[in-house]
Amino acid sequence: MASGVTIAVVGATGAAGQTTLKILEERKFPVRELRAFASERSVGKTVSFRGEDIRVARVEPAAFKGVEIAICSAGTAQAKEYAPMIARAGAVVVDKSNAWRMDPKVPLVVPEINPHAVRTHRGIVASPNCTTIVAVMPLKPLHDAARIRRVVATSYQSVSGAGVNGIDDLRQQALAWARGEAMVPRHFAHRIAFNLIPAIDAFAPDGYTGEEWKLINETRKILEAPDLMISPTTVRVPVFTCHSVAVNVETEEKITAARARELLGRFPGLKVWDEPAQGRYPMPVDVEGQDDCWVGRVREDLSHPRALNFWVVGDQLRKGAATNAVQIAELLLAT
Ligand code: A2P
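Throughout this document, residue positions are counted from 1 along each chain, in the order its sequence is written. The model is predicted, so local features are restricted to residues of pLDDT at least 70 and side-chain atom pairs to those at 80 or more, both for listing and for counting; the totals for chains, interfaces and linings are taken over all residues. Water and hydrogen atoms play no part in the side-chain values, which are based on all heavy atoms of the structure.

Our next topic: unusual backbone geometry. The backbone phi angle of R147 is positive, close to 50°, even though this residue is not glycine. A run of H or I in DSSP counts as a helix once it spans at least four residues, and a run of E counts as a strand once it spans at least two, with each numbered from the N terminus. Along the chain, R147 falls in the loop between α3 (130-146) and β8 (148-157). Working definition: with a 1.4 Å probe on protein chains only, accessible area under 20% of the residue-type maximum means buried, over 50% means exposed, and in between means partly exposed. The exposure class assigned to R147 is partly exposed, which follows from its relative accessible area of 40%. The phi dihedral of R297 falls on the positive side, at around 55°, and the residue is not glycine.

Encoded structure:
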């Protein structure tokens, strides 16, 4: 497609939407025309793409005429309504919300893991939850090599995973702390500055949060491993960008830590940084702004003969959201 495609970014003013615009530029995605959409309150504002100001438009069917790919990060309720409408207008929708991920007719794609799934789309392709993407990347090469039986995963999720309001809450509270003022939560249910919140979203009657169930169900769907046992705990931490996950995996075949490092290091989209004695292990401040997920602290589980522990960090606005969506769009162009 030498002349490029007409692409829509829905939620273009949000944290993931802004990163999507940046990544389309960085990866030199062949854009002929870019259309930006957000909520009613942003209509008429501008967003920047390749040095040009693009006016934000209202989401309505006529506005999608001629759009070939629409990358949406406008929230779950919006995606339920918009995605079928945009698909009917003729575009393929790459949706980053939770609306369509577990629909059996919608592929849920991490391009390094299950690129084949994209071919089954009927107008909508879902991009997984940001924590799921960061966690599933290192699981794939280990699963292929030794069949994973059980995963215990604990996440440390940054505030930008909750969008611009999450970023603002941490910033305002940190400023208030520096001025000796009260730290008032506006977005999160509790104070986030200098605190940890072990609840990302609503609790189900079983005591798990929606976020924890996403990690279970989406990981199984992406790895095509419906019986994989996953035990998750997800936690919001006072970090601006990057989600980190502490993972324990039990495999059918034993893998040594050295073999695991080798498998992880040659998997596309993963980097290993694992020299703990030298103080070298991935941390959010180092991984922010990168597309690769970084793995460290790889070690054999002292309590189990066929289990490993490791730590993985990914920029959830990039690989956890925008980069993954743009990679899906690249796959759509290639198929
Ligand atoms: P707006 O900036 O006008 O509110 P974030 O995840 O960072 O909070 O961003 C959410 C994105 O989704 C923003 O671009 C936001 O636009 C957009 N959005 C929210 N509600 C709607 C809606 N009803 N229609 C279209 N876009 C929406």
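This next bit is on the sheet that holds strand β5 (residues 69-72). Taken in spatial order, the seven strands line up as β3-β4-β2-β1-β5-β6-β7 in an open sheet, and their pairing is mixed. The sheet terminates laterally at β3 (46-49) and β7 (124-126), the two strands that pair on one side only. Within this sheet the neighbouring strands show an average axis-to-axis angle of 30°, counted without direction. Two elements, strand β1 (residues 5-10) and strand β2 (residues 31-37), share six bridges in a ladder whose sense is parallel. Across the sheet, the residue bridging to A8 is R35, located in β2. Should any heavy atoms of two residues lie within 4.5 Å, those residues are counted as being in contact. Helix axes are fitted to C-alpha atoms over the stretch in contact, other axes to C-alpha atoms as well, and angles between N-to-C directions run from 0 to 180 degrees. In the packing of helix α1 (residues 15-26) onto the sheet, contacts are made with β1, β2, β3 and β5, and the angle to β3 comes to roughly 25°. Contacting β1, β5, β6 (92-95) and β7, helix α2 (residues 76-88) runs over the sheet at an angle of about 155° to β6. DSSP calls a pair of strands paired once it identifies at least 2 bridges connecting them.

This part covers the packing of α3 against helix α8 (residues 318-334). Contact geometry of α3 with α8 gives a least axis separation of 8 Å together with a crossing angle of 95°. Relative to α8, the element α3 lies roughly perpendicular. Taken together, the residues of α8 that come into contact with α3 (itself represented by C130, I133 and M137) are K319, G320 and N324. Angle categories are assigned with fixed cut-offs, so that under 35 degrees is roughly parallel, over 145 is roughly antiparallel, 65 to 115 is roughly perpendicular, and the rest are oblique.

This part covers the domain arrangement of the chain. Partitioning the chain into domains gives domain 1 (5-128 + 321-334) and domain 2 (132-316). Domain segmentation is taken from an automatic or database assignment of domains. Between the C-alpha centres of domain 1 and domain 2 the distance comes to 25 Å. Each side of the interface is counted separately: domain 1 has 22 residues, and domain 2 has 21 residues. Between domain 1 and domain 2 lies a buried interface of about 1,600 Å² when both sides are counted; carbon and sulfur atoms form 65% of it. Salt bridge, as used here, is a side-chain nitrogen of Lys or Arg placed within 4 Å of a carboxyl oxygen of Asp or Glu. Two residues, E218 and R101, come together in a salt bridge whose shortest N-O distance is 3.1 Å. N or O atoms within 3.5 Å of each other form a polar contact, as long as, within protein, one can give a hydrogen and the other can take it, and as long as residues adjacent in sequence are counted only when both atoms are side-chain atoms. Where domain 1 meets domain 2, there are seven residue pairs in polar contact (both at pLDDT 80 or more). A simple way to read buried area is as the amount of 1.4 Å-probe accessible surface that goes missing from two parts once joined, with both sides added.

In this description, a nonpolar core means a group of buried Ala, Val, Leu, Ile, Met, Phe, Trp, Tyr and Cys residues linked to one another through side-chain atoms lying within 4.5 Å. Counting residues in each nonpolar core, the largest one holds 58 residues, and the members touching the most others are F64, I86, L142, V151, V249 and F310. Tallying contributions element by element places α3 first for this core, with eight residues. When residues are assigned to domains, this core turns out to be shared by domain 1 (5-128 + 321-334) and domain 2 (132-316), each giving three or more. Other than its neighbours up to four places away in sequence, V249 contacts L139, L142, I148, R150, V151, R306, A307, L308 and F310. Counting residues in hydrophobic clusters, the runner-up holds 31 residues, among them L21, F49, V326 and I328.

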